[in-house]
Every structure is written in C-alpha cells, then in structure tokens.
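# Working through the structure, step by step
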Amino acid sequence: MRRVCSLCASVSFAFLSAVAAGPTIQTADFTGAEPPAGWTVANGEYRSPEYAGAVDKIVLCYAGSGASASATVHAFPANEEGVNVATFTAASSGASFDFPESTAFRSFRIAAANGLALSSFTAYVASDSLDVPSGVLISNNVTGTSFDAAWNAVEGATGYRVYVWTNAVTGASAGTTVWQETFANSPAKTTTVNFKDEFTDYGTSGWEYSKAYASISYGAVRIGTTSDKGYLVSPPLTHVSGSGLALRITAWRQTTGDGTDMPVGVVSGGVTNIAGVVALGDEPATIHVALPTFNSGDRIAIFSPTNKSSARVIVDDVAVLSGYSAGHPEPLYIVNGLDVGAATAHSFSGLPPVPVSFAVEAYGRRGVSSETTEAVVVDLANPDPVPVLNACPMSSLAGNIYHQNFNGTAALTSSSGDKDLLNGTTVLYWQWFKNALAAGTFKWNAGSGTTGGIYALATNQSETVRSIGAYSTKDNEFSFGIAFTNDTGKAMKLVSLAYLSQQWGFKNSTNQTLSVAVKVVDNLDWISAYVDGWTELASKESDVYGTGDPHDTPVSTSVPVNPEGGIPIAPGQVLMLKWTIHSLKGGTPGMMGIDDVTVTFQGSVGLSIRIAGW
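Below you will find a few notes about this structure. Every residue gets a number counted from 1 within its own chain, in the order that chain's sequence is written. At least 70 in pLDDT is required for a residue's local features to be given in this predicted model, at least 80 for side-chain atom pairs to be given and counted, and no such filter applies to totals for whole chains, interfaces and linings, which use all residues. Calculated side-chain values reflect all of the structure's heavy atoms, with hydrogen atoms and water omitted.

Next up on the list: the nonpolar core. As used in this record, nonpolar core signifies buried Ala, Val, Leu, Ile, Met, Phe, Trp, Tyr and Cys residues forming a set joined through side-chain atoms within 4.5 Å. Relative accessibility thresholds used throughout: buried, under 20% of the residue-type maximum; exposed, over 50%; partly exposed, between the two (1.4 Å probe, protein chains only). Membership of the largest hydrophobic core comes to 40 residues, with the highest contact counts inside it found for W430, F484, W579, I594 and F601. Labels follow the DSSP assignment, with helices taken as runs of H or I lasting at least four residues and strands as runs of E lasting at least two, numbered in each case from the N terminus. Counting residues per element, this core draws most heavily on strand β42 (residues 591–602), at 5 residues. Residue contacts follow a heavy-atom distance rule, with two residues in contact if any of their heavy atoms lie within 4.5 Å. Excluding its chain neighbours within four sequence positions, the residues that come into contact with I594 are F406, W430, S467, I468, F480, Y499, L500, L514 and W579.

Glancing now at the sheet that holds strand β6 (residues 70–77). Strand order in this open sheet of 5 strands is β3-β4-β9-β6-β7, and the pairing throughout is antiparallel. Strands at the two margins of the open sheet, each flanked by one partner only, are β3 (40–42) and β7 (83–89). The average undirected angle you get between the axes of adjacent strands in this sheet is 15°. By the convention used here, strands pair only if DSSP detects at least 2 bridges between them. Across 8 bridges, β6 lies against strand β9 (residues 105–113) in antiparallel orientation. Considered in β9, the bridge of T72 is made with A111. To define axes, lines are fitted to C-alpha atoms, for helices over the stretch in contact only, and angles between the resulting N-to-C directions are given on a 0 to 180 degree scale.

Turning next to the pattern of salt bridges. Whenever Lys or Arg places a side-chain nitrogen within 4 Å of a carboxyl oxygen from Asp or Glu, that contact is recorded as a salt bridge. Scanning the model with the defined rule gives 5 salt bridges in all. Linking R161 and E361 is a salt bridge whose minimum nitrogen-to-oxygen distance equals 2.7 Å. With a gap of 200 residues between them, R161 in strand β13 (residues 159–181) and E361 in strand β25 (residues 355–363) connect regions that are remote in the sequence. Accessibility expressed as a relative area gives 9% for E361, which makes it buried.

Before going further, it helps to examine the environment of G417. Here G417 is to be found in the loop between β28 (401–404) and β29 (419–421). Residue G417 is classed as partly exposed on the basis of its relative accessible area, which comes to 34%. In contact with G417, not counting residues within four places along its chain, are F442 and K443.

On to the sheet that holds strand β20 (residues 271–279). Strand order in the open sheet formed by 5 strands is β14-β17-β22-β19-β20, with antiparallel pairing between adjacent strands. The outermost strands of the open sheet, each flanked by one partner alone, are β14 (208–210) and β20. On average, each strand axis in the sheet is tilted by 15° relative to the strand beside it, whichever way the strands run. Pairing between strand β17 (residues 231–233) and strand β22 (residues 299–303): 3 bridges, direction antiparallel. What sits directly across from V233, in β22, is A301.

The next subject is unusual backbone geometry. One non-glycine residue, A436, adopts positive backbone phi at about 75°. Take A436: it is sitting in the loop between β30 (430–434) and β31 (437–438). Accessibility expressed as a relative area gives 16% for A436, which makes it buried. Positive phi outside glycine occurs at D596, with the angle close to 45°. Structurally, D596 can be placed in strand β42. With relative accessibility at 31%, the residue D596 sits in the partly exposed group.

What follows is about the packing of aromatic side chains. Here the aromatic set is Phe, Tyr and Trp, taking the six-membered ring for Trp, and pairing holds for ring centres within 6.5 Å; pairs whose planes are under 30 degrees apart are stacked, those over 60 apart are edge-to-face, and all others are tilted. What the rule picks out here adds up to 25 aromatic pairs. With a centroid separation of 6.3 Å and 40° between ring planes, the pair formed by W179 and W207 is classed as tilted. A residue pair is termed long-range when its members are at least 10 positions apart, and W179 in strand β13 and W207 in the loop between α1 (195–198) and β14 qualify at 28 residues. Here W179 falls in the buried class, since its relative accessible area comes to 13%. With a centroid separation of 6.5 Å and 50° between ring planes, the pair formed by Y231 and F303 is classed as tilted.

Geometry only, nothing functional implied.
Written out as structure tokens, the structure is:
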C-alpha cells in the first residue's frame, strides 16, 4: 500500500524553500537511490539533520507492504533526549503532527518496521520574522468615539495585536531668556527708511545689516527689498555661552507670496553656521530653533529668504534661551496590544473625541512578531460625515410638526461639480436613491440639466434658497424620502402633509409625474421596503413646454395631503414618505423637485407649531 501526500508528490530531492512571511518548508525525498542530503537511513531508521529553528509541524508520506507495517517517530530538542511523539501504522489515515509552541523540536528519528518505508518528509520551521501587515484601511464608519480598521492578512501569522493611542507631549520647557532684542523703540514707517539712518537712535546699536529697514509695524525690522536680499546680525553676545541653547524669533512675510525659507544661525569666528531654516507665513509666528554650541562673543544671524527675489520679511523679537525644550510625543495608549486573534479587522468604540493613532502587528508561533505598521491618524474630533440609516424621532418634533426647505444644501453646492450626497446626513434623516440604490452625489442646477441625477435647484448658484429634485431619464428612476419613528410610547397618526411640487425644466417633450407615497413598517430598511407596499398619496403631472417657451423661475404647485382619518403609527413603528419622479418611456423629460415639506402628526395632544428646517 502506498500513501501519497499532496505536499510532497512533486518533490524530487531535498531542498530549502523560504516562504515569504511564513515558515521555512524543508522537504526530503526518499524515493531515490541515495538518502536526501543531511539524512541517514540504515536498518529501517531514518535520521534527520538538526534544523536551525524549532519545527512547528511535520508531514510524513510513506508506503507499507502490509497491514502490520508501522513506524515510531521520536523528536529531539536541541542537545536533549528525544521523546516519542507518535506511532502509526500503514493502515492509519496519514501521518501529520503539529507541535505545541512551547516544544522546540529540532531533529527527528523515524523507526520503520514490517515493510514500512518513507517516501518523503516535510518539516515546517518557524520563520524568524513576519511581514508587517499591509493595506491598513480606516473605513468611512468614523464617529466621535469609534472607528473601524482593517488590514491584509500576513502569511505565516497566527494572529494580530492592535494599538490605539493619543500623543502626550512630554519634556516641554519654555526655557529662560538669557538675551533678547525686541526692537521696541523701532518706529513704524510707511516709506522705506534704511536701518542705519535712524535705528542707532532707538537702542539697536551694534547690529550689522544689509537691506534692513524700518517696518510698517512698531517695534519691528524689515529685511530685504523687492530686488535684493538682506541680513541682520546681532552685536557680539559676550555674556552668553554654552550648549543646549535655542533661538526664539517672531517673524512673518511682509506680503503674501514672498519667500518662506528664512535661514537663521550663529556667526562664530567669522564663520556662519546655519542652525535652521524657518518657514514663514502671512501672520506673525514665534519659532524656536536649536542652536549649536554658543561661545561668548558669537552673534545671531538672520537672513531674508533665499528662494524669492521678492523676499521681504518682518522680524519682531529675537531671544536666546537656555533650558528650552519643544518636548516630544509619547504614546498614551488607549488600546495597548489587544489580541484580536486571526481577524483582519476590528471595531473600536468608547474612544475619546480627539485625534488618535492606530497601528497593528502580526504574530506567529513561538513568539515571533512583526514590526507594527506606521501610525494612521484618525481624527475623532472632526470625523468626516458618513451615510447613515436613520429616522426622525417623533418625540423631537415641537408641536408634532416637521418642516424642511432644503436651503441647507446651498453651502454645499455653491461651487461647481458633484458633491457628496450622504443618506441620513447631508440633509438630516433624508435618503436619496437611484434605482433603489443610494444616489451618492448631487450638484447645483437651475433646471437646464440633461444628465440623470439628484440636483439642488436654484435660479443661480449664489442663491441661498434651494429646493431638491432630479432629472429622471427613461433608464433611471430617482426618489428621495424621509422616515419618522414613533418613539413617543403612544399611538400617533399622520394627519397632514404639504409640499411644493416644482417643475424646473421647460424643454420637455412629454409629460412625467412627481408622486409621493407612504408606508408604515415595523423596522426601518429603505432598500428592502423600496418597491412594494406603498400607498400613493398625491401625484403632480408636469406640463409640456416647447423649446421657445421662456421660463425664468420654476413653476410651483402647492400639494396638500389630508388622509381621511389619518394614517396610524403604533408605538415603535416607522412611517416612511417617498417622492418619486417617474421615468419616461420616450421623449425628453424635464427637471422636477420639491420644497417646503411640512408633515403634521397627532397623538393624544396635537399642536400646530411650525419649526425651521436644518
């Protein structure tokens, strides 16, 4: 009888094969005339070489001449006595052994009897390293206290550990001022006044300069001109020396667009050593630069930017500090090495609403771990909006009345191009669909659009008044709707609905309709409930206009809906309203939309207070 293992059926001789980020597979083939390299075979005993690393698993392929054929496997740790790990017969189902992580077997002896012979042997030796997980992805499901993370699997890894932390700055020190020049007596000048002409009278003697002028700001100096660069060098600082000093300087660009790379440094023994290059902005900023070893008599040098011909900068305050430290970030772990097993994704919750960092590492057998991934910062303080499936709670409605005018979309669509249209978020509680799937984007239009989609409608793009609508072609159907959940604990009913049905496109060659329908469900799920079970409440048919018919404003029609007896909503139930622009089978459609939606409910107490939209 011969058993053939799939792992060794194609092996012709002993070899070593390094599998990326996983165990090293070492295989020996015994079907040839000579034993595999490193092995000895004599009197039915097979002795393996000693492997460099601990073996996690072995697989044996063998042939036996009878049912009594058998073998005993002894395993040996390095320089230790062997142990009997298995005995098997040719009639057994196969020979494959996994070893516990705590057992570091390095070599093997297989004693065969009664006609059993090995055909191959495979050892899995633990790798010394694992690849760092790749493809780290933070999903769109980010809130102020939670986020989801995922990453690619690492070959050879048996699990993963995740980390979440904030950065706490430690070691910060403001330092002690050992020398300072504030230019406090420098006058403000609207015209160019050279530093040498007036500044010696204002307590700034001893400075060297080139192209240095009075600034338009009091207590400041301007360096550089529109056609030349300049510098400002302090008097010798005979009372300052030592290491660990820092330069504090307040500076900014005089005009927007001037150069930004202002070098600063120390002049020592006639040689200028640049300590740092300061990036300047349009507003005054205080910058700290570590100085090299400072000798008594050295001077501070400040240069106008070198990357612009127009390089005018303002210097307001210069100081040398001792004991200054900017500090450094230290991780403050919120989640520290949480073992998530073999999963390649994890959801985090209950986090502080601040920017946090995320990283993950892989681990394998016998304590082998990868490096952690580069930190990915997740800003929980300002999470990006995401689509959500939500319903307006009736308990939040003052007077049981809801109103929406869609003017809040004006800020989003005040510039050209597609904008994100997030269900439940862009307009709170509203959902937008193209053929029963989330529409995803919308843009501004004044009614002339001919591409199917959702639009924020207004007479011009700067107009703050908006309605919402769609251009619905024969191949696509667009709908939008809102749901209300009865969380009041008592029976409620929809008693009235009112909205403006609008027609914006006036080059349509055939009629289309804009209808509203209602549905009461036990659980909110727009997609599963999208098609069936709706009751139409009202429908408005568009008018047909010729190409030459002028229309500067939309045609708006008030549509009141007053269901007889109201539409009941039991406690816990959800009422859904859906407006649909029905597709045309032929002809040219027009743009249609809705505005000023008012929904009134009634329970044990029905009030009539109108509230503003979002």
